[in-house]
Amino acid sequence: MKRKRKSSNFLERVENHKKLRVSYFLIYLSILFTMAELQNLSLREAELRDAEQIQRNIFPNKTIEQIENRINSAHKRRIVAEYNNEIIGYAVLAFRTVPHAHTALLHSLFVKENFRNVGIGRAIVEYAERLALQNGIEILLLEAGAENKNAIPLYKKLGFEEYGLLKNGYKKDGNYKDLALMKKSLGK
Ligand SMILES: CC(C)(COP(=O)(O)OP(=O)(O)OC[C@H]1O[C@@H](n2cnc3c(N)ncnc32)[C@H](O)[C@@H]1OP(=O)(O)O)[C@@H](O)C(=O)NCCC(=O)NCCS
C-alpha cells in the first residue's frame with residue numbers, strides 16, 4: 001500500500017516535471033517571439049503627419065490641432081515608438097530654456113495598453129537618454145507619481161535614482177498625491 005502511494009507520487013513528480021519543462025519552453029518561445037517582434041519597433045521623433053495617430057492612441061482628450069502645435073514646439077522633442085505603422089508609445093524630452101542648463105526633463109511617457117510589458121517603455125526611455133546626451137544634457141530628470149507601480153520599477157531598472165519626494169506634488173480627481181523626483185547622470 002505504502003509502496004503504491006510512493007510510486008504514484010513519483011509518477012506525479014515526473015508529470016509535474018514534464019509540465020514545468022513545457023512551461024519553460026513556452027516562456028522561452030515567447031521571449032524569442034518578443035525579441036523578434038521588437039526588431040520591428042522603430043523609435044524616432046514625432047512629425048506633423050503623426051498627429052492623428054497620437055491623438056487616437058495616446059491623447060484621446062486633445063484635439064489634433066493641439067497635438068500639431070505641440071509637435072512644432074522648439075524646446076521639446078517628442079519621441080514616438082512605431083510598430084507596423086502604428087504609433088504605440090510616446091514621451092516628451094523637454095530642454096530647459098535658461099542659459100547654462102545641462103538638465104532636461106523626460107515626461108508624458110505612455111505605452112498603449114495592449115503593448116505593455118514587452119520592453120517598449122524601456123526602449124523609449126533609452127532613446128530619450130541618447131537624444132539628451134547628443135544635445136549636451138548631463139542629467140536627465142523625471143517625475144513620477146510615487147504610487148506608480150509600473151513606471152518607478154522601470155526607471156529604477158534603467159538607473160534612475162530617487163532624489164526627493166514632492167509631497168502633494170500633483171492633484172488627481174481632486175486628491176493630492178506625492179511625486180517621486182528622479183534623476184540619472186548620463187555618460188559620466
Ligand atoms: C509605465 C509604462 C510606460 C511602462 O511601459 P512598458 O512598455 O510596459 O514597460 P517595459 O515593458 O519596457 O518594462 C520595463 C521594466 O519596467 C518594469 N515594469 C514595467 N511594468 C511593470 C509592472 N506592471 N510591474 C512591475 N514592474 C514593471 C519591469 O521591471 C520591466 O523590466 P523587465 O522587462 O526586465 O521585466 C506603461 O505601463 C504605461 O504607459 N503606463 C501608463 C502611463 C504611465 O504611468 N506613464 C509613466 C508616467 S511617469
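Residues numbered from 1 in each chain as written. Predicted model: local features only at pLDDT ≥ 70, side-chain atom pairs only at ≥ 80, totals over all residues.

K.L.:
A description of the overall build of the protein chain should follow, citing residues and the corresponding values.
P.N.:
Looking only at helices and strands, one finds 5 helices and 7 strands in the protein chain. Moving toward the C terminus, one meets the helices and strands of the protein chain in the order α-β-α-α-β-β-β-α-β-α-β-β. Principal-axis analysis of the C-alpha atoms gives the protein chain an extent of 85 × 40 × 40 Å. With 188 residues in all, the protein chain has 20% of them scored as buried. Taking the intrachain contacts of the protein chain between residues at least 6 apart in sequence as the baseline, contacts between residues at least 24 apart amount to 54%. (Helix = DSSP H or I, 4+ residues; strand = E, 2+ residues; numbered from the N terminus. Buried ≥ 20, exposed ≤ 12 C-beta atoms within 10 Å, placed from the backbone. Contact = placed C-beta atoms within 7 Å.)

K.L.:
Can you break down unusual backbone geometry residue by residue, with the values?
P.N.:
At Asn-84, a position not held by glycine, the phi torsion is positive, near 50°. Looking at where Asn-84 falls in the secondary structure, it is placed in the loop between β2 (76–83) and β3 (86–95). For Asn-85, which is not a glycine, the phi torsion comes out positive at approximately 65°. Positionally, Asn-85 belongs in the loop between β2 and β3. Residue class for Asn-85 comes out exposed when judged on the 7 C-beta atoms lying within 10 Å of it.

K.L.:
Any details on the domain arrangement of the protein chain? Residues and values, ideally.
P.N.:
Domain boundaries in the protein chain define domain 1 (1–39) and domain 2 (42–185). Just the C-alpha atoms count here: the centres of domain 1 and domain 2 sit 40 Å apart. (Domains from an automatic or database assignment.)

K.L.:
Describe in detail the sheet that holds strand β1 (residues 41–45), supporting the description with residues and values.
P.N.:
On the basis of which strands lie adjacent, the open sheet formed by 7 strands has the order β1-β2-β3-β4-β5-β7-β6 and mixed pairing. Edge positions in the sheet fall to β1 and β6 (161–172), since each has one partner strand and no second. On average, each strand axis in the sheet is tilted by 25° relative to the strand beside it, whichever way the strands run. One ladder, built from 4 bridges, connects strand β4 (residues 103–111) with strand β5 (residues 139–145); its direction is parallel. Residue pairing for β5: Thr-103 is matched across the bridge by Ile-139. (Pairing = 2+ DSSP bridges. Axes fitted to C-alpha atoms, helices over the stretch in contact; angles between N-to-C directions.)

K.L.:
Tell me what's going on with the site of the ligand, and back it up with residues and numbers.
P.N.:
Within the structure, the ligand sits among 18 residues, and Arg-116, Gly-121, Arg-122, Asn-150 and Leu-154 are positioned closest to it. Within the residue set of the shell around the ligand, elements represented by two or more residues are β4, α4 (120–134) and α5 (151–157). No other element matches the 4 residues that α5 contributes to the shell around the ligand. Of the residues in the shell around the ligand, the class split is 9 nonpolar, 5 polar and 4 charged. (Near = placed C-beta within 6 Å. Nonpolar A, V, L, I, M, F, W, Y, C, P; charged D, E, K, R; others polar.)

K.L.:
Describe the pairing of β6, with residues and values.
P.N.:
Remember that side chains alternate between the two faces of the sheet whenever the strand is regular. Taking burial as the measure, the 12 residues of β6 include 0 buried ones, a minor fraction of the element. Sheet topology note: the β6/strand β7 (residues 175–185) ladder contains 8 bridges and is antiparallel. Within β7, the residue paired with Tyr-170 across the bridge is Lys-177.

K.L.:
Any chance you could break down α4 for me, citing the residues and the numbers?
P.N.:
At 3.6 residues per turn, the α-helix brings residues three or four places apart onto the same side. Compared with an ideal rise of 1.5 Å per residue, which puts 15 residues at 21 Å, α4 spans 21 Å between its outermost C-alpha atoms and is within 8% of the ideal. Buried residues along α4 sit in contact with β1, β2, β3, β4, β5 and α5. Looking one or two places after α4, you find Gly-136, whose phi comes out positive at around 80°. (Expected span 1.5 Å × (residues − 1).)

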